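This is what each chain is made of:
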Amino acid sequence: MTDRNADTSQASPLTPTTVDDAGHGVHLLREMLRIRRFEERCVELYSDTRIRGFLHLAIGEEACAVGLMNVLSPDDAVVATYREHGYALARGISMRSAMAELEGKLEGCSRGRGGSMHLFDAERRFYGGNAIVGGGLPLAVGLALADHLQGRHRVNACVFGDGAMAEGEFHESINLAALWHLPVLFCCENNLYAMGTALERAESETDLSLKAASYRVPSWEVDGMDVFAVEAAARQAAESVREGGGPHFLELRTYRFRAHSMYDSDRYRDKAEIEQWKGHDPIPAAVERLTTSGALAQGDLERLEAEIATEIDDAVAFADAGTLEAVADLERFVTSEPVDAMAVSP
Ligand SMILES: Cc1ncc(C[n+]2csc(CCOP(=O)(O)OP(=O)(O)O)c2C)c(N)n1
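Residues numbered from 1 in each chain as written. Predicted model: local features only at pLDDT ≥ 70, side-chain atom pairs only at ≥ 80, totals over all residues.

## Observations concerning the overall build of the protein
Within the protein, the secondary structure is distributed over twelve helices and eight strands. Relative to a compact globule of 346 residues, whose C-alpha radius of gyration would be 20 Å, the protein shows 20 Å and is just as compact. With the C-alpha coordinates of the protein rotated into their principal frame, the extents come out at 60 × 50 × 40 Å. Considering the protein as a whole, with its 346 residues, one finds that 46% of them fall into the buried category. Pairs at least 24 residues apart make up 75% of the contacts formed inside the protein by residues separated by at least 6 positions. (Helix = DSSP H or I, 4+ residues; strand = E, 2+ residues; numbered from the N terminus. Rg over C-alpha atoms; globule rule 2.2 N^0.38 Å. Buried ≥ 20, exposed ≤ 12 C-beta atoms within 10 Å, placed from the backbone. Contact = placed C-beta atoms within 7 Å.)

## Points about the pairing of strand β4 (residues 184–190)
For a regular strand, side-chain orientation follows a simple rule: the groups alternate between the two sheet faces. Counting buried positions along β4 gives seven out of seven residues, so the element sits mostly inside the fold. Neither face of β4 is left uncovered, since the one carrying Val184, Phe186, Cys188 and Asn190 and the one carrying Leu185, Cys187 and Glu189 both have all their residues buried. Pairing geometry for strand β3 (residues 156–161) and β4, over six bridges, is parallel. Looking at the pairing, asparagine 156 lines up with valine 184 of β4. Pairing analysis gives six bridges linking β4 to strand β8 (residues 248–253), with the strands arranged parallel. (Pairing = 2+ DSSP bridges.)

## Observations concerning the site of the ligand
Taken together, 16 residues form the shell around the ligand, and within it Val133, Gly161, Gly163, Ala194 and Met195 come nearest. In terms of residue class, the shell around the ligand is built from seven nonpolar, six polar and three charged. (Near = placed C-beta within 6 Å. Nonpolar A, V, L, I, M, F, W, Y, C, P; charged D, E, K, R; others polar.)

## Description of the nonpolar core
By size, the foremost hydrophobic cluster in this structure holds 86 residues, and its most contacted members are Ala157, Cys158, Leu185, Cys187 and Val230. The residues touching valine 230, leaving out its near neighbours within four places in the chain, are Ala63, Cys64, Gly67, Leu68, Val222, Gly224 and Leu252. (Core = buried A, V, L, I, M, F, W, Y, C linked by C-beta atoms within 7 Å.)

## Regarding the packing of helix α1 (residues 22–47) against helix α12 (residues 300–320)
Two elements in contact, α1 and α12, have axes separated by 10 Å at closest approach and are oriented at 45 degrees. When the axes of α1 and α12 are compared, the pair comes out oblique. Judged by the twist between their axes, the crossing of α1 over α12 is right-handed. Between α1 and α12, the residues in contact are Arg30, Leu33, Arg34, Arg37, Phe38 and Arg41 and Leu304, Glu305, Ile308, Ala309, Ile312 and Val316, respectively. (Axes fitted to C-alpha atoms, helices over the stretch in contact; angles between N-to-C directions. Parallel < 35°, antiparallel > 145°, perpendicular 65-115°, else oblique. Left-handed = near helix turned anticlockwise from the far one by under 90°.)

## Let's talk about unusual backbone geometry
A positive phi is found at arginine 111, a non-glycine position, where the angle reads about 60 degrees. Its location among the elements puts arginine 111 in the loop between α4 (95–102) and α5 (136–149). A positive phi angle, close to 60 degrees, is found at histidine 181, a residue other than glycine. In this fold, histidine 181 is placed in the loop between α6 (168–179) and β4.

## Describing the confidence of the model for the protein
Averaged over the protein, the pLDDT score is 94; the fraction of residues at 70 or greater is 93%. Segment residues 7–16 is flagged for pLDDT under 50; beyond a separation of four residues in sequence, or across chains, it makes twelve contacts in the model. (pLDDT = per-residue confidence, 0-100.)

## Topic: α5
Over its 14 residues, α5 extends 20 Å from the first C-alpha to the last, a length consistent with the 20 Å expected when each residue adds 1.5 Å. Within α5, the full set of buried residues consists of Gly136, Leu137, Ala140, Val141, Leu143, Ala144, Asp147 and His148. One face of α5 carries all of its buried residues, which in axial projection span an arc of 160 degrees. For α5, the elements touching its buried residues are β2 (77–79), β3, α6 and β4. Among the residues trailing α5, glycine 151 stands out with phi positive, at a value near 70 degrees. (Expected span 1.5 Å × (residues − 1). Arc of directions from axis to C-beta.)

## Re the packing of helix α2 (residues 62–69) against helix α9 (residues 227–245)
Where α2 contacts α9, the two axes come as close as 8 Å, and the packing angle between them is 35 degrees. Where α2 crosses over α9, the handedness of that crossing is right-handed. Within the contact between the two elements, α2 uses Ala63, Cys64, Val66, Gly67 and Leu68 and α9 uses Val227, Val230, Glu231 and Ala234. Taken together, the residues of the contact of α2 with α9 break down into seven nonpolar, one polar and one charged.

## A short note on the environment of arginine 216
Secondary-structure assignment places arginine 216 in the loop between α8 (208–213) and β7 (219–223). With 177 residues separating them along the chain, arginine 216 and glutamate 39 place their C-alpha atoms 37 Å apart.

## Re the sheet that holds β8
Strand pairing in a sheet takes place through backbone hydrogen bonds and is either antiparallel or parallel in direction. An order of β1-β7-β8-β4-β3-β2 is seen for the six strands of this open sheet, with the pairing classed as mixed. Since the sheet does not close on itself, it has two edges, and those belong to β1 (2–3) and β2, each with one partner.

And the structure:
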């Protein structure tokens, strides 16, 4: 991990990560596997047209979601992007609820109206799932401003891609958060591409944590393919935010193994580059580390895989058996209704 604020004497999570709690290490691996297998099943369901519309997968990036979500408390808030399935699952949205949403069913966490890009769960303070690049940034700053004004010590985690850092919203949001000392944890998933545009074709400064540090925000570059490194950095940053340290920024250096979305033919990247990054797959890396440390015994991985397969089969069956919203109801919620009218009664 690299501290971009070395000359501003900010604390940084430079201590090497250790797997000091075997059970917790296996939990992190399990969460990554749940997300990977869930998204792999999504590909099949998409080919089958049971999932329609846009579908952005984060296969390869699971360590970011798991490392980050595991350090937040239920009181904290999360604002994510359209590549958010992993964040939603790691935040505790059930596979049933997420899969039903992806299939457009009323039992989904957004009543089937949001689909893949708009998973939302107010109870878990999971405020999307946002389709607009950079759109979540001002939302997170607004949530943080409310906490700040009301004296609450909570973390408002905002996840966005490297593409968002070329948007005006990024600069306006981080500037205000820094100026007003707001409790925002900015987390940039730098996967080197914004759709088909490579980072160096869109950014004059490709060192993103340096860019964030220019706003006098403690900014750290983290190996986003290492779940233990992400968790350690996120924990230290979140604690500092919670204790009144103002906004912090994490650049999670990661890579998506699949195309931008199911519509993308992925012809702007070298196959060799993809293969090279697959060599840093966070899941085998965690398996190896946990096996070496003795946390993972023979047969454990197979057991985890079997449990996850059962959970996914159950979620798909639940979604398949779900309800499509009645045509007569489609105009509901276009204008506001009392909140209790939102209750799902399938
Ligand atoms: C304001 C805005 N401009 C353009 C788009 C179209 N668009 C959708 S995803 C995307 C790429 C964003 O890349 P990045 O922020 O790096 O996230 P990633 O997809 O790599 O996770 C673009 C340009 C959009 N949704 N919103």
